[in-house]
Amino acid sequence: MRRIILSLFLFLPLLAAAKGAKDTRLIVFTIDGLRWQEVFTGADPALVGEPKMVRDTAELRQAFWRTTPEERRAVLMPFVWNSIVRNGVVIGNRNKNSMMQVANKTNISYPGYSEMMTGMVDEAIRSNNPVNNPHRNVLEAANEDVRYRGKVMMYGSWKSTRFAIHNEQAGIPASVSYEPNISSKQTSHLRLLDRMQAGMPHFWKSEHFDAFTFAYTLELLKTDHPKVMWVSFGDCDEWAHSNKYNLYLDAAHYTDAFIRDIYEACEADPFYRGKTVYLITCDHGRGSGEAWTGHGSSTKGSEATWFMIWGKGVNALGETAENGPFYTQQVAATIAQILGIDFMPDNGVRQQPIPYQ
Ligand SMILES: [Zn+2]
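Residues numbered from 1 in each chain as written. Predicted model: local features only at pLDDT ≥ 70, side-chain atom pairs only at ≥ 80, totals over all residues. Heavy atoms only, no water.

Asks: Any chance you could explain the coordination of the zinc ion here in plain terms?
Replies: Geometrically, a metal with four donors at the corners of a regular tetrahedron has ideal angles of 109.5 degrees, and one with six donors at the corners of a regular octahedron has ideal angles of 90 or 180 degrees. Taken together, Asp237 (OD), Asp237 (OD), His241 (NE2) and His295 (NE2) make up the full set of protein donors to the zinc ion, lying 2.1 to 2.5 Å away. Coordination at the zinc ion is irregular, judged from the four donor atoms that bind it and the angles of 55 to 148 degrees they form at the metal. Donor residues for the zinc ion sit on one chain with the sequence pattern D-x3-H-x53-H. Placement of both Asp237 and His241 in helix 12 (residues 235-241) is noted, with a separation of four residues, approximately one turn of the helix. Since its relative accessible area comes to 9%, Asp237 is described here as buried. (Donors = N, O, S within 2.8 Å, 3.2 Å for Na, K, Ca; no water. Tetrahedral: all angles 85-135°; square planar, octahedral: opposite > 155°, others 65-115°. Helix = DSSP H or I, 4+ residues; strand = E, 2+ residues; numbered from the N terminus. Buried < 20%, exposed > 50% of the residue type's maximum accessible area, 1.4 Å probe, protein only.)

Put into structure tokens, the structure is as follows:
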């Protein structure tokens, strides 16, 4: 009897862990190329007054300029700085020596997303071309687990994001760029969104506006109840490459609101309420000063990334200081831990999850 009780005690925590993992849902948001500088200090004093890159400097100052970095970041991304920071963990403020960066040397998007999802760096992955990723990724591993099978989905603004998780082999339903919706129920709302997307100027060749990623995601959460979802936004990076600082800041601001609305919709739905972990990160940083528009192996500072997490089981540690460096390749291990799955990257090197408990 004593032995039975003892083994029961040994077994109970395992049962509890499995039960917790079983009920977990996860939404991963990525914001392509949004710099830590704007996330943590708001509008950049070196750029806000530049008529070459700002359509209306007075209008921009009114919207996003404030005296202190704390005020500026709160007016730029109010959901992050009024809500997420109070309920979760925010990493990457280099002014406080909280460090996160990509481990790959390219500082461009596809290698960044590949590193994030496959949990490793492959030095042969050096371009943004829409080609299948040769490596297994953590979303694919989740989709192979009986608890999440058929419930892993993705919406992405930029075409190449789907290839970073080599979608055909992995069998993860995904829609990117100008592709139509992937919902199992074709609501009139979704048909209208598809119609609007087809009928809008295709301003960027392989990337639609983030408003579509947002609206499609909100509907998918209702029609299909995915348990694991990657929502990949791209406007910030595109406007930065175009040297449009006002549009880049606008994009950071409305993306913050998109994430708030998706979070609030989830927490209003019993399928997600209290069971969901949310995380936001990015694929690379950018240069500073006049070099803010670009990123890449020769652009200083563009290796810098950031990370935030909140929701079920996440400690409210707030904005962290004096920690890291964490690497973007640790995101896959973090996702695996959240979902309670075993994930070994193809290079055989297990990364540590980013601490959040
Ligand atoms: Zn870019």
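Once the structure has been displayed, the description carries forward.
Asks: I would appreciate a short explanation of the sheet that holds strand 1 (residues 25-31) in the present structure.
Replies: Consider a sheet: its strands pair through backbone hydrogen bonds, and that pairing is either parallel or antiparallel. The eight strands are arranged 5-4-6-1-7-8-2-9 in an open sheet whose pairing can be described as mixed. Each edge of the open sheet carries a strand with a single partner, namely strand 5 (174-176) and strand 9 (318-319). Where strand 1 lies against strand 7 (residues 276-281), six bridges are found, and the strand directions are parallel. By the bridge assignment for strand 7, Leu26 is matched with Val277. Together, strand 2 (88-91), strand 7, strand 8 (307-311) and strand 9 form the strand contacts of helix 5 (residues 78-87), whose direction differs from that of strand 2 by roughly 115 degrees. (Pairing = 2+ DSSP bridges. Contact = heavy atoms within 4.5 Å. Axes fitted to C-alpha atoms, helices over the stretch in contact; angles between N-to-C directions.)

Asks: Where do I start with the packing of helix 11 (residues 210-223) against helix 13 (residues 245-267) in this structure?
Replies: Interaxial distance between helix 11 and helix 13 falls to 10 Å at its minimum, and their mutual angle equals 5 degrees. One way to sum up the angle between helix 11 and helix 13 is to call them roughly parallel. Where helix 11 approaches helix 13, its residues Asp210, Ala211, Phe214, Thr217, Leu218 and Leu221 are matched on the opposing element by Thr255, Phe258, Asp261, Ile262, Ala265 and Cys266. Partitioned by chemical class, the residues of the contact of helix 11 with helix 13 number eight nonpolar, two polar and two charged. (Parallel < 35°, antiparallel > 145°, perpendicular 65-115°, else oblique. Nonpolar A, V, L, I, M, F, W, Y, C, P; charged D, E, K, R; others polar.)

Asks: Whenever I open this one, the confidence of the model for the protein chain confuses me. Can you help?
Replies: In regions of low pLDDT, the predicted coordinates are not meant to be interpreted in detail. Considering every residue of the protein chain, the mean pLDDT works out to 93; 94% of them sit at 70 or more. In the model, residues 8-20 has pLDDT below 50 throughout and makes two contacts with residues more than four positions away in sequence or in other chains. (pLDDT = per-residue confidence, 0-100.)

Asks: Would you explain unusual backbone geometry in this entry?
Replies: Outside of glycine, negative phi angles account for most residues, and trans bonds account for most peptide bonds. Going from Gly324 to Pro325, the amide bond is cis rather than trans, its omega being 5 degrees. With respect to the helices, strands and loops of the structure, Pro325 is situated in strand 10 (residues 323-327). A positive phi angle, close to 60 degrees, is found at Asn243, a residue other than glycine. When you line up the elements, Asn243 lands in the loop between helix 12 and helix 13. The phi torsion at Glu322 lies on the positive side, around 50 degrees, for a residue other than glycine. Position of Glu322 among the secondary structure elements: in the loop between strand 9 and strand 10.

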